[in-house]
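Notes for the structure review
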Amino acid sequence: MGRFGRVSAFNDIREYVRIPRVLNLRLAPDGSRLVAVVQTLNSDGKSYGTSLWSIPTAVDGGRPRAPRRLTRSAKGESGAAFTAEGDLLFVSARPDPADGNDGEDGEVPALWLLPADGGEARRIASRPGGISAVRTGGPTVVYAADVLPGDAGLEEERRGARKDAGISAILHEGFPVRIWDSDLGPGQTRLFAAEGPVGEALAEVGDLTPEPGRALDEMDFDVTPDGSAVVTTWRVALPGGMLRSDLAVLDVATGTRRTLASEEGQDFLGPVRVSPDGRHVTCVKVSHSEPTRPPEIVFCLVDLASGRVVPFGGGLWPADVAWASDASHVYAAADHRGRRPVFRLALDGSEPVRLTPDDAAYAALCPLPDGTGLYALRSAMDAPPGPVRIGVDGTVTGLPSPTPDLGLPGTLTEFDARAPDGQDLRAWLVLPDGASAANPAPLLLWVHGGPMASWNDWSWRWNPWIMAEAGYAVLLPDPCLSTGYGAAMIARGWGDWGPSTEADVMAVTGACLARPDIDATRTAVMGGSFGGYMANWLAGRTTGWKAVVTHASLWHLEQFSGTTDTAFFMVREIAPPGAARYDELSPHRALERISVPMLVIHGDKDYRVPIGEALRLWWDLQRVGAESKFLYFPDENHWILKPGNIVAWYETCLAFLAQHVLGHEWKHPESLT
């Protein structure tokens, strides 16, 4: 039961982690079937798995049907894609009964097909290193796989030899060597293509990228509608450990590669989406930044025949893109003032037309082939992702969802503030039930990560409604460097992370603390990644806080700049190694001024913000006698993903805040006893 006797998914974190979560949508080519990728708690209660669900798009007898689960295995299924015939492809590490394997161990992800006309799924392709993604176009199926350098035909033998010899070492000859929580190598990502399934398997699989090196790391790719070519991002190693990303076209028949778009000092990135007429492909062109110049980010169309790059989208930076079926326009979901609306973009270069008028964030855009609208995932700060239909007039109609309705323990409001330099700022504020002038709520300031990001979407990881259930108001500001406010908003904080962001955050916080329903005497700061950097910064440079929670945070900026998996970005954004700017912007320089209790949280497998940041911060706090605790996850990365660890994360944060903000006696988290 909640604070007011209400039954809520936010009362018990163990129940919260059981909520099914819709991750993605896919629509059959004829528009007849809508499929969702859904994450649910596995039967062991210790891990999550994903499966494919059918989402009803029509009603029977005036009543909507319920979503229906299509696949079920302990290993889970992901990466859904439809063939031209309507069969459903997916990636799974489940065992194949056709091999006489009924166990669950020792499998790597393979490519499976679920027939459109019903029946059991069957495995149609596999690689010794596993398959990670699949796309289709016409009769062609293209998938990505991890392959050791050299002859792909000897892959199984070579992997077996390494395993038998007990060799885990990787010899690197370039940068990077890891991404997020994954070590790169010794395998490389390659793309393979084949015509659709013949009998029980794909026929005549061809290796499109036999020696890619690290070119396909973090790639985005698509297949032309006739299946003759693949368009993909293609990383190019530069001197000094730098990288550039081009666009390349791979000919499926010959395996030849041509560079479609390449420019010195520019990256061509996804979303990569080929138009239904095969004439254009979308991408985002990002200039290489300098410490005094932020990147210029331009959504573009590229002519597939000539390679001509044309700016497109009126300054939008889309998170997701989908072509209308007649190729006359593009649908794009892009950050915009604390929302992520769907825009309609005409090919004539006219201004974008906002299609969805609400406060929501949209993703997984699936246009209908008859041109009457599109399906999408709709979420918001106060709504978890769920499938909807969007009409051409912007009307949004909810569809049955595997995620149940959640009773939120409070209300969401929006307010504005003014920065010291005159810039208008805005924020979301989650208010707990019962907050009033007579009963003001304690305040938690949450600074988002990124730093180029926005509070505009539901978050399962940093969920403010759990805190509202415990009685806190949660302030979610978009300071400088936030997306959805134009290039000038990013430029305001570029190369000046701490001081500029502090000015904006404190201006918004001050406006919030002036509200009668907020208790200005009970405040805390929380943040993860860049938000953790700002939590550390504020801990040593501002006062009045009762507690600070810093997750996966940057502490010693120059140390971080050389150990993160994307070290080249720090050179472009802050300064070359050894520059004085690192000291000026480093939170650790204010260690001696920290008097607020701090909870440090970090995962050992975090390669974006390596564990050394937390270890250094923890030791520094210990050696100066600052009151602090360290919540350490040996098997987690930048995010906390395992259900049990999620419970421990929230329980520890709530216990720490209750002690220092609410004045309760410290209570050791039950999950950690």
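Everything below is about the structure shown above.
Presented here is an overview of the structure given in this document. (Residues numbered from 1 in each chain as written. Predicted model: local features only at pLDDT ≥ 70, side-chain atom pairs only at ≥ 80, totals over all residues. Heavy atoms only, no water.)

Moving on, we get to the overall build of the protein. When helices and strands are tallied, the protein shows 11 helices and 40 strands. When the backbone C-alpha atoms are referred to their principal axes, the protein occupies close to 70 × 65 × 55 Å. Partitioning the contacts of the protein with sequence separation of at least 6, the portion at a separation of at least 24 is 55%. Separation between the mean location of the 61 positive side-chain charges and that of the 84 negative ones in the protein comes to 3 Å. (Helix = DSSP H or I, 4+ residues; strand = E, 2+ residues; numbered from the N terminus. Contact = heavy atoms within 4.5 Å. Lys, Arg positive; Asp, Glu negative; His and termini not counted. Charge placed at Lys NZ, Arg CZ, Asp CG, Glu CD.)

On to the packing of helix H5 (residues 497–513) against helix H6 (residues 530–541). Remark: H5 packs on H6, axes separated minimally by 10 Å, with the N-to-C direction vectors making an angle of 80 degrees. Compared by their axis directions, H5 and H6 come out roughly perpendicular. Residues Trp497, Gly498, Pro499, Thr501, Glu502, Val505 and Met506 of H5 form the contact with H6, whose own contacting residues are Phe530, Tyr533, Met534, Trp537, Leu538 and Arg541. Grouping the constituent residues of the contact of H5 with H6 by class yields nine nonpolar, two polar and two charged. (Axes fitted to C-alpha atoms, helices over the stretch in contact; angles between N-to-C directions. Parallel < 35°, antiparallel > 145°, perpendicular 65-115°, else oblique. Nonpolar A, V, L, I, M, F, W, Y, C, P; charged D, E, K, R; others polar.)

In this section: the pairing of strand E18 (residues 229–238). Pairing analysis gives three bridges linking strand E17 (residues 221–223) to E18, with the strands arranged antiparallel. Bridged to phenylalanine 221 within E18 is threonine 232. Count of turn residues in the E18/strand E19 (residues 242–251) antiparallel hairpin: three residues, of which glycine 240 carries a positive phi of about 75 degrees. (Pairing = 2+ DSSP bridges.)

A complete count under the given rule lists 21 aromatic pairs for this structure. Relative to phenylalanine 569, the ring of phenylalanine 568 lies with its centre 4.5 Å away and its plane at 45 degrees, an arrangement referred to as tilted. The rings of Phe10, Tyr16, Trp446, Trp455, Trp458, Trp460, Trp462, Trp649 and Tyr650 are connected pair by pair, giving a single aromatic cluster. When the ring centre of phenylalanine 221 is taken as origin, the NZ or CZ atom of arginine 135, which lies over that ring, is 4.7 Å away. Between the NZ or CZ atom of arginine 178 and the centre of the ring of tyrosine 607, over which it lies, the distance is 4.0 Å. (Phe/Tyr/Trp six-rings, centres within 6.5 Å; stacked < 30°, edge-to-face > 60°. Lys NZ or Arg CZ within 6 Å of the ring centre and 35° of its normal.)

Time to look at helix H10 (residues 612–623). Given a rise of 1.5 Å per residue, 12 residues ought to cover 16 Å, and the 16 Å separating the end C-alpha atoms of H10 matches this to within 8%. Among the residues of H10, those classed as buried are Glu613, Ala614, Leu617, Asp620 and Leu621. One side of H10 carries all its buried residues, which in axial view fall inside an arc of 130 degrees. The inward-facing, buried residues of H10 contact H6, strand E38 (547–551), helix H7 (557–563), strand E39 (598–603) and strand E40 (628–633). Just beyond H10, the residue with positive phi is glycine 625, at close to 75 degrees. (Expected span 1.5 Å × (residues − 1). Buried < 20%, exposed > 50% of the residue type's maximum accessible area, 1.4 Å probe, protein only. Arc of directions from axis to C-beta.)

Bringing unusual backbone geometry into the picture now. Between glycine 270 and the following residue, proline 271, the backbone shows a cis peptide bond with an omega angle of 15 degrees. Here the residue pair glycine 450 and proline 451 is connected by a cis peptide bond, since its omega of 5 degrees sits within 30 degrees of zero. Its location among the elements puts proline 451 in the loop between strand E35 (441–447) and helix H3 (464–469). Backbone geometry at glutamate 204 places phi at a positive 50 degrees, although glycine is not the residue there. Residue position: glutamate 204 is located in strand E16 (residues 201–207). The backbone of alanine 364 shows a phi angle near 55 degrees, a positive value even though the residue is not glycine. Summarising the element assignment, alanine 364 is placed in strand E29 (residues 361–367).

What follows concerns the sheet that holds strand E20 (residues 257–261). Strand-to-strand pairing in sheets goes through backbone hydrogen bonds, with the strands running parallel or antiparallel. The strand order E17-E18-E19-E20 describes an open sheet built from four strands, whose pairing is antiparallel. Each edge of the sheet is formed by a strand with only one pairing partner; in this case those strands are E17 and E20. Pairwise comparison of adjacent strand axes, ignoring direction, gives a mean angle of 35 degrees for this sheet. Taken together, the 10 bridges between E18 and E19 define a ladder with antiparallel strand orientation. Its bridge partner lying in E19, valine 231 is registered against valine 249.

What follows deals with the pairing of strand E31 (residues 383–391). Of all the nine residues making up E31, eight are buried; the element is thus mostly covered by neighbouring parts of the structure. With antiparallel pairing between neighbouring strands as the criterion, strand E30 (residues 373–380) and E31 make up a hairpin whose turn holds two residues. Note: E31 against strand E32 (residues 396–398), three bridges, orientation antiparallel. For arginine 389, the partnering residue across the bridge sits in E32 and is threonine 397. Counting the residues between successive antiparallel strands, the hairpin from E31 to E32 contains four residues, one of them, glycine 394, with a positive phi of roughly 90 degrees.

Moving on to the side chain of arginine 426. Looking at the secondary structure, you find arginine 426 in strand E34 (residues 424–432). Residue arginine 426 is classed as buried on the basis of its relative accessible area, which comes to 2%. Here glutamate 414 takes part through its side chain, which lies 2.6 Å from a polar atom of the side chain of arginine 426. Within the structure, arginine 426 has its side chain in polar contact with the side chain of tyrosine 485 (distance 2.8 Å). (Polar contact = N/O pair within 3.5 Å; in protein donor to acceptor, adjacent residues only side chain to side chain.)

For the rest of this paragraph, the subject is the nonpolar core. Judged by nonpolar contacts, the single largest core of 54 residues is most densely connected at Leu475, Trp497, Tyr533 and Leu557. Excluding residues that lie within four positions of it along the chain, leucine 557 makes contacts with Trp497, Tyr533, Met570, Tyr582, Leu585 and Ser586. Counting 43 residues, the second largest nonpolar core, distinct from the first, contains Val17, Ala468, Tyr472 and Ile601. (Core = buried A, V, L, I, M, F, W, Y, C linked by side-chain atoms within 4.5 Å.)

Right, let's get into the environment of tryptophan 537. Residue placement: tryptophan 537 occurs in helix H6. On the basis of relative accessibility, which here comes to 4%, the residue tryptophan 537 falls in the buried class. Taking the C-alpha atoms as reference, tryptophan 537 lies 36 Å from asparagine 24; in sequence the two are 513 residues apart. Each residue touching tryptophan 537, except ones within four places of it in the same chain, is listed here: Gly498, Pro499, Glu502, Glu584, Leu585, Ser586 and Pro587.

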